[in-house]
Amino acid sequence: MLLGGDIGGTKTLLGLYKPESGPRQPLAQTEFKSAAYPGLEEMVRDFLGQTDHTPTCACFDVAGPVIGGRARLTNLPWLLEEEALARDLGLKKVVLLNDLKAIAYAVPHLQADDLHTLNAGHPDPQGAIAVVAPGTGLGEAFLVRSGTEYVACSSEGGHAGFAPADETQADLWRHVSKKFGHVSFERVCSGQGLPNIYDFLRDTDYAPEPPEFGTRLAEASDPTPLIVQAALDDPAANPLCAATMQIFVDILGAEASNLALKVLATGGVYLAGGIPKRILPLLADGRFMQAYVNKGRFADLVRDIPVQVVLSRAALLGAVLYGFDHLEQA
């Protein structure tokens, strides 16, 4: 029996799986608030205490690079080690997997109801695939063909330098650089980045901030859900939130086609993570695609690449599939 986990900066989803039941039918599954626990071991013990099942192995995808079986999570103060987790949890083997590599691993197994098409394009069945996933942070990965199968590859491209596409974004870069120095795409294209855009617009007097909304933001432990919801529910009454999401969508479109060009992703671009499926109406109104195809001489190339929004929890699916494939003999 496999213990699978999607370890995010905000939420963690744990589940128990058997190969005969498949990766989409957990015997038990629970979502946890990541920051409520000092470490993964304590969370797993809580989860297993709620079930009558005992796993033998585990595969966890984590929001951060995995090097030598160790991972220091980007947006959580956790240091995870495969051998220590296996020992402390009484498991035969534990594998840590970068969360975007897990999503990439799942992509070839996604079904029609897992996806929403933004651009049909003309996919090349032998072409590379790009994955861009804004959630708490900004994850990126890609897949390349090896014989008859795809190989999922990790990346930390979300931490590459943000390249402004217009004067407003250039002013945004200057504003954010005063706070952080280096301005990565994650600083302006993720759950953590949305408040940076909002603060920039508010501080440069783009529009007045409603006092009641400003109070709610100041009291919120995470202002991002409030900004997103206000932009979706009533953009006319919340112009700062609406403009924040417009800039976010523009930056996401530009970075999606940046990665598409870098890996020549003629097999498709997949938008995963928690935000794209949440803001689907804002991605489907044409603004995203306008920013996506703004690639000068290569506009026609990226326009021909399919773009899909991943609607399901693909990271956990990928972690479980990876666990089945690599821990079978443990």
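Everything that follows concerns the structure shown earlier in this document.
Quick look at the structure, then. (Residues numbered from 1 in each chain as written. Predicted model: local features only at pLDDT ≥ 70, side-chain atom pairs only at ≥ 80, totals over all residues. Heavy atoms only, no water.)

Here the focus is the layout of surface pockets. When its volume is computed, the second largest pocket comes out at roughly 240 Å³. As for the second largest pocket, its lining consists of 14 residues, and the residues nearest its centre are Ala-165, Asp-250, Ala-254, Ala-291 and Asn-294. Going through the elements one at a time, α8 (239-263) and α11 (287-292) are the ones with two or more residues in the lining of the second largest pocket. Of the residues belonging to the lining of the second largest pocket, the class tally is six nonpolar, four polar and four charged. (1 Å grid on protein atoms, 1.4 Å probe; cavity = no way out; pocket = protein on both sides within 12 Å on 5 of 7 lines; lining within 4 Å. Points joined across faces, edges and corners; volume = space filled by probe spheres on them. Helix = DSSP H or I, 4+ residues; strand = E, 2+ residues; numbered from the N terminus. Nonpolar A, V, L, I, M, F, W, Y, C, P; charged D, E, K, R; others polar.)

By secondary structure assignment, the location of Asp-6 is in strand β1 (residues 2-7). Judged by its relative accessible area of 9%, Asp-6 falls in the buried class. At 2.7 Å, the side chain of Asp-6 and the side chain of Arg-313 are in polar contact. Excluding residues that lie within four positions of it along the chain, Asp-6 makes contacts with Lys-11, Thr-12, Leu-13, Asp-61, Arg-313, Ala-315 and Leu-316. (Buried < 20%, exposed > 50% of the residue type's maximum accessible area, 1.4 Å probe, protein only. Polar contact = N/O pair within 3.5 Å; in protein donor to acceptor, adjacent residues only side chain to side chain. Contact = heavy atoms within 4.5 Å.)

This part takes up the sheet that holds strand β8 (residues 93-98). Strand order in this open sheet of five strands is β3-β2-β1-β4-β8, and the pairing throughout is mixed. The open sheet is flanked by β3 (28-33) and β8, the only strands paired with a single partner. Between one strand and the next, the sheet's axes are offset by a mean angle of 15°, whatever the strand orientation. Pairing of β1 with strand β4 (residues 57-62) involves six bridges; the strand directions are parallel. Bridge assignment links Leu-2 to a residue of β4, and that residue is Cys-57. Lying over the sheet, helix α13 (residues 314-326) contacts β1, β2 (11-17), β3, β4 and β8, oriented at roughly 145° with respect to β1. (Pairing = 2+ DSSP bridges. Axes fitted to C-alpha atoms, helices over the stretch in contact; angles between N-to-C directions.)

At Asp-205, a residue that is not glycine, the phi angle is positive and equals roughly 60°. Considering the arrangement of structural elements, one finds Asp-205 in the loop between α5 (194-203) and α6 (211-219). Positive phi, normally seen in glycine, also occurs at Leu-264, with a value near 50°. Mapping Leu-264 onto the fold places it in the loop between α8 and β13 (268-271). Taking the relative accessible area as the measure of exposure, Leu-264 reaches 46% and is therefore partly exposed.

A few words now on the pairing of strand β12 (residues 149-155). As paired elements, strand β11 (residues 138-146) and β12 share seven bridges and run antiparallel to each other. The residue bridging Phe-142 from the neighbouring strand is Cys-153, located in β12. Connecting β11 to the next strand, β12, in antiparallel fashion are two residues, including Gly-147 with a positive phi near 70°.

A separate point is the sheet that holds strand β14 (residues 307-310). By definition, the strands of a sheet pair up through backbone hydrogen bonds, in either a parallel or an antiparallel sense. If you trace the six strands from one edge of the open sheet to the other, you get β9-β14-β13-β10-β11-β12, paired in mixed fashion. The open sheet has two edge strands with one neighbour each: β9 (115-119) and β12. Ignoring which end each strand starts from, the neighbouring axes of this sheet average 25° apart. Pairing geometry for β13 and β14, over three bridges, is parallel. Residue pairing for β14: Leu-271 is matched across the bridge by Val-309. On the sheet, helix α3 (residues 99-106) packs against β10 (129-134), β11 and β12 and is oriented at approximately 45° with respect to β11.

Core analysis: the largest hydrophobic core is formed by 51 residues, its most contacted members being Phe-248, Leu-271, Phe-288 and Tyr-292. Those residues in contact with Phe-248 that lie beyond four places of it in its chain are Pro-134, Val-188, Cys-189, Ser-190, Leu-194, Ile-197, Ile-275 and Ile-279. The next biggest cluster of nonpolar side chains, apart from the first, holds 35 residues, and it includes Val-131, Tyr-150, Ala-152 and Ala-315. (Core = buried A, V, L, I, M, F, W, Y, C linked by side-chain atoms within 4.5 Å.)

Take it as geometry only, folks, not as evidence of what the structure does.
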